[in-house]
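# Results of the structural survey
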Amino acid sequence: MKVFEIQGHSGTSRILVGEVLANLPQYLPATKVVVITDDTVKDLYGTAFSQYPAISIGQGEQYKTLDTLAQIYAELIRLGVDRSSFIVGIGGGIVCDITGFAAATFMRGIPYGFVATTLLAQVDASVGGKNGVNFGGYKNMVGVFSQPRFVICDPHLLVSLPEAEVLCGLAEVIKHGAIADKALFAYLQNKIQGALSLDPVVLEHLVHQSVVIKAGVVNADETEQGRRRILNFGHTIGHAVEKLSGMPHGQAVSIGMQVAARLSTTLAGLPLDQAEALGQLLRSYGLPTELGLSPEKVSDALRKDKKKSGRQIHYVLIEEIGKATVIDLDLVELDRLLAAL
Ligand SMILES: NC(=O)c1ccc[n+]([C@@H]2O[C@H](COP(=O)([O-])OP(=O)(O)OC[C@H]3O[C@@H](n4cnc5c(N)ncnc54)[C@H](O)[C@@H]3O)[C@@H](O)[C@H]2O)c1
Ligand SMILES: [Zn+2]
């Protein structure tokens, strides 16, 4: 097991990569513990936490809402949870995001931890202290920055993941390689079969490297005033594509990364062969790279994105594989670049 620390304004978060779910009780205080999970995770792994009362939430983005949060608060009151209690979210990114927000706000904050059970949650969602719910048609519109006390990343939990969920996580791992770690990028090029067949040794390495990168970035800029923005590589266009096409997040981000890489060749000096290598890597994992939408529609969706500030957006480019930079880009200029692609 390897341990990484994130020093957040709300406290220190310990990310435990390679720890196993069976050891969860070791990290819990001897007070009242309540689990928040979903039915799939409870069916698969519930015996490992059956000694704690569990609140199960509905599955899918449509349940990541203030309504679900209200139901959780009601259950917490019914279970007699108070500020001496401890909450554990056991599940994917949705469970983690909603658990973090519920725990950070119930009675002005109750300590909490996560067991991340999807690849996406282990490499991204559970790490970094962003949490929240969707609102008014916008993803993650309401939430807070607050760090879990611990995050257990047990690679053995990933063997039961459907392939589509694995791909969502792999897209974020490829992102981490592209923005910050040339060696991780090369590892991904060499371990395609191992990663896709869920070899625990390969997955643990991918999670480990991803946590190193994400924890490092978050430690430098917890609330995303600067450096943390590099984690949004591929996400500007990705979110627009996700919204327009309804395709899964990882696939949409894959397209967004390929677009950003192409723009990086003109705007950030990324060598053409490296942009191609990124596209090739994404495709070898079965991820799409072609936009397949009219630039006008994408431009329109971009203007509705909550992350735009005025006419300028923060756009993430890569100067080379493993090195990201963020520029302020005028939306009109981005329209022109997209149309020219
Ligand atoms: N807070 C952040 O920084 C951050 C970062 C990235 C993504 N996110 C959020 O994460 C969410 C997506 O997370 P996700 O992809 O993990 O989705 P998810 O939580 O919906 O999990 C996907 C599906 O996999 C199932 N599942 C979970 N663990 C399993 C296992 N071990 N075996 C089999 N099935 C399992 C779940 O029940 C669910 O049906 C989005 O809402 C996104 O906004 C947050
Ligand atoms: Zn993402």
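Bear in mind the structure is a predicted one, so any value in this text is a computation, not a measurement. (Residues numbered from 1 in each chain as written. Chains lettered and ligands numbered in written order. Predicted model: local features only at pLDDT ≥ 70, side-chain atom pairs only at ≥ 80, totals over all residues.)

## Thoughts on the overall build of the chain
For the record, the criterion: Put simply, DSSP H or I for four residues or longer makes a helix, DSSP E for two residues or longer makes a strand, and each gets a number counted from the N terminus. Labels follow a simple rule on C-beta atoms placed from the backbone: if 20 or more others lie within 10 Å of a residue's own, it is buried; if 12 or fewer, it is exposed; otherwise it is partly exposed. What counts as a contact is two residues whose backbone-derived C-beta atoms lie within 7 Å of each other.
Helix and strand content of the chain: 13 helices and 11 strands. C-alpha atoms of the chain, sized along the principal axes, occupy 60 × 40 × 35 Å. Sorting the 341 residues of the chain into buried and exposed places 48% on the buried side. Summarising the internal contacts of the chain: among those between residues at least 6 apart in sequence, 68% fall at separations of at least 24.

## Observations regarding the nonpolar core
Formally: One nonpolar core equals one set of buried Ala, Val, Leu, Ile, Met, Phe, Trp, Tyr and Cys residues connected by C-beta atoms within 7 Å. For the purposes of this description, domain bounds are those given by an automatic or database domain assignment.
The biggest cluster of nonpolar side chains holds 101 residues, and the ones touching the most others in it are V151, A178, F233, A260 and I318. Top contributing element to this core by residue count: helix 5 (residues 163-180), with 10 residues. Formed jointly, this core draws a minimum of three residues from each of two domains, domain 1 (2-160) and domain 2 (163-340). Contact partners of A260, with chain neighbours within four places excluded, come to F233, G234, I237, V316 and L317.

## A closer look at the pairing of strand 8 (residues 138-145)
In plain terms, the rule: Criterion used throughout: strands pair if DSSP finds at least two bridges between them.
With 5 bridges connecting them, strand 7 (residues 130-135) and strand 8 associate as antiparallel partners. Across the sheet, the residue bridging to G132 is G143, located in strand 8. In sequence, strand 7 turns back onto strand 8 through a hairpin of 2 residues, with G136 there showing a positive phi of about 60 degrees.

## Looking at the sheet that holds strand 9 (residues 150-153)
Threshold: Only the contacting stretch of a helix is used when fitting its axis, a line to C-alpha atoms as for every element, and angles between N-to-C directions run 0 to 180 degrees.
In spatial order, the strands read 1-2-9-6-5-3-4; together these 7 strands make up an open sheet with mixed pairing. Edge positions in the open sheet fall to strand 1 (2-8) and strand 4 (54-57), since each of these has one partner strand only. Neighbour to neighbour, the strand axes of the sheet diverge by 15 degrees on average, direction disregarded. Across 3 bridges, strand 6 (residues 112-116) lies against strand 9 in parallel orientation. Looking at strand 9, one finds that A116 is bridged to C153.

## Here's the deal with the environment of F106
Tracing the backbone shows F106 in the loop between helix 3 (93-105) and strand 6. Put simply, F106 and S56 are 50 residues apart on the chain and 17 Å apart in space, counted from C-alpha to C-alpha. Apart from residues lying up to four places away in sequence, F106 is in contact with Y73 and L76.

## Notes on the packing of helix 9 (residues 235-245) against helix 12 (residues 295-303)
Filter applied, for reference: Angles are sorted into four bins: roughly parallel if under 35 degrees, roughly antiparallel if over 145, roughly perpendicular if 65 to 115, and oblique for all others. Note on residue classes: Ala, Val, Leu, Ile, Met, Phe, Trp, Tyr, Cys and Pro are nonpolar, Asp, Glu, Lys and Arg are charged, and everything else, Gly too, is polar.
Between helix 9 and helix 12, the least distance of the axes is 9 Å, while the angle of their chain directions is 105 degrees. The angle between helix 9 and helix 12 falls in the class roughly perpendicular. Here helix 9 contributes T236, I237, A240, K243 and L244 to the contact with helix 12, which in turn contributes K297, V298, A301 and L302. Classifying every residue of the contact of helix 9 with helix 12 by side-chain character gives 6 nonpolar, 1 polar and 2 charged.

## Quick look at the site of ligand 1
Keep this limit in mind: Any residue whose backbone-placed C-beta atom lies within 6 Å of a molecule or strand is treated as near that molecule or strand.
Around ligand 1, a shell composed of 29 residues is seen, among which T40, G92, G93, T117 and T118 lie nearest. Only helix 1 (39-45), helix 3, helix 4 (119-125), strand 7, strand 8 and helix 5 provide two or more residues apiece to the shell around ligand 1. Along the lines of polarity and charge, the residues of the shell around ligand 1 split into 10 nonpolar, 11 polar and 8 charged.

## Brief notes about the domain arrangement of the chain
Domain annotation of the chain identifies domain 1 (2-160) and domain 2 (163-340). Listed per partner, the contact involves 26 residues of domain 1 and 24 residues of domain 2. Elements represented by at least two residues in the side of domain 1 that touches domain 2 include exactly strand 1, strand 2 (11-17), helix 4 and strand 8.

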